[in-house]
Amino acid sequence: MTYVLGYDCTIDENCLEPISVHTVVSTKHLLNILESSENIHVDSTYKLNYEGYPVFIGGISDLSKKFHPCFMMLSSGENAEDYKFAFQSIRNSINPEYNPKVLVADAAEAITKGFMQVFGNVFLRVTCWAHVNRAYEKKLGMIRSKRSRNEINAEVHLLQICDQQALFMHASHLWLQKWEGCNQNDIKSFLSYFKSQWLDNNYGWYEGHALRHPSTNNGLESCNRVIKDEDTLRCRLPLGHY
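Small disclaimer: the values here were computed from a predicted structure and weren't measured.

1. Considering unusual backbone geometry
Point 1. Positive phi values are uncommon outside glycine, yet K65 reaches one of about 65°.
Point 2. Mapped onto the elements, K65 comes out in the loop between β4 (55–61) and β5 (67–75).

What follows is the structure, encoded as structure tokens:
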């Protein structure tokens, strides 16, 4: 039986419109599954309701890296406080000792901050490789040479399969040295972006960052697609249907 883990609604007294809305739902069985895993996956999806509110989906992946959805939250926003509400509701409903060690999500800083406010700083932050790949490939277009673009892209994919932190750090350092030696400003601009966004920060996208845990959020995103294709039939629903 589905039940509400946490609910919050703040109303603007002047216009009687909601300022913030949060509703977290799950089941006892799904919470037991969530508690049994060291990891937690989180993502948000849109176009599910008329109000345009994001819907957070969270769950875990097992040792075969299969995703299992475990909770959902309807939220009026997508900032750190919204994610904090979701994580706090989950922890309160399981037990105060519940403390996942691996967080798998895209590079959104709000997810990380909300997680840290509830579970602390000791965890591995996996940045979904699929999001990283799509993001930097859009920037590759700044490099004029198609040959250089293809070579850089292939080498980043080789960095992604590093199975140890020391190997990844050393290989990425040598990779930067190789390309920084060229005299092409377009390549240097791309390297500056990549280093700042995906090496100095959000670097948890290589396979060895969290062994035995997925490096992508693809399972969760597939779940989002199933919800839209089979449950809502790609139609936006009124809030009452939730």
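From this point, the discussion proceeds with the structure in view.
2. Let's talk about the environment of F123
Point 1. Residue placement: F123 occurs in the loop between α3 (109–119) and β7 (124–127).
Point 2. By relative accessible area, F123 is classed as buried at 16%.
Point 3. Excluding its chain neighbours within four sequence positions, the residues that come into contact with F123 are P100, K101, L103, T112, F115 and M116.

3. Considerations on the pattern of salt bridges
Pairs can form between side chains of opposite charge whenever their charged atoms are close.
Point 1. Following the criterion strictly, the structure yields six salt bridges and no others.
Point 2. With a shortest N-O distance of 4.0 Å, D186 and R144 are connected by a salt bridge. Linking D186 in helix α7 (residues 185–199) with R144 in the loop between α4 (129–139) and α5 (146–160), this pair joins segments that are 42 residues apart in sequence.
Point 3. Taking the shortest distance from any N to any O, the salt bridge between D200 and K195 comes out at 3.1 Å.
Point 4. Residue classification places D200 among the partly exposed positions, given a relative accessible area of 44%.
Point 5. One network of salt bridges, in which partners are shared, links E151, E155 and K178.

4. A closer look at the confidence of the model for the protein
Point 1. This prediction gives the protein a mean pLDDT of 89; 86% of its residues lie at or above 70.
Point 2. Across the protein, element-level confidence peaks in β7 with a mean pLDDT of 98 and bottoms out in helix α8 (residues 218–231) with 72.

5. Comments concerning the environment of L63
Point 1. Residue placement: L63 occurs in the loop between β4 and β5.
Point 2. Placed 26 residues apart in sequence, L63 and S37 show a C-alpha to C-alpha distance of 9.2 Å.

Parameters and conventions
Residues numbered from 1 in each chain as written. Predicted model: local features only at pLDDT ≥ 70, side-chain atom pairs only at ≥ 80, totals over all residues. Heavy atoms only, no water. Helix = DSSP H or I, 4+ residues; strand = E, 2+ residues; numbered from the N terminus. Buried < 20%, exposed > 50% of the residue type's maximum accessible area, 1.4 Å probe, protein only. Contact = heavy atoms within 4.5 Å. Salt bridge = Lys/Arg side-chain N within 4 Å of Asp/Glu carboxyl O. pLDDT = per-residue confidence, 0-100.

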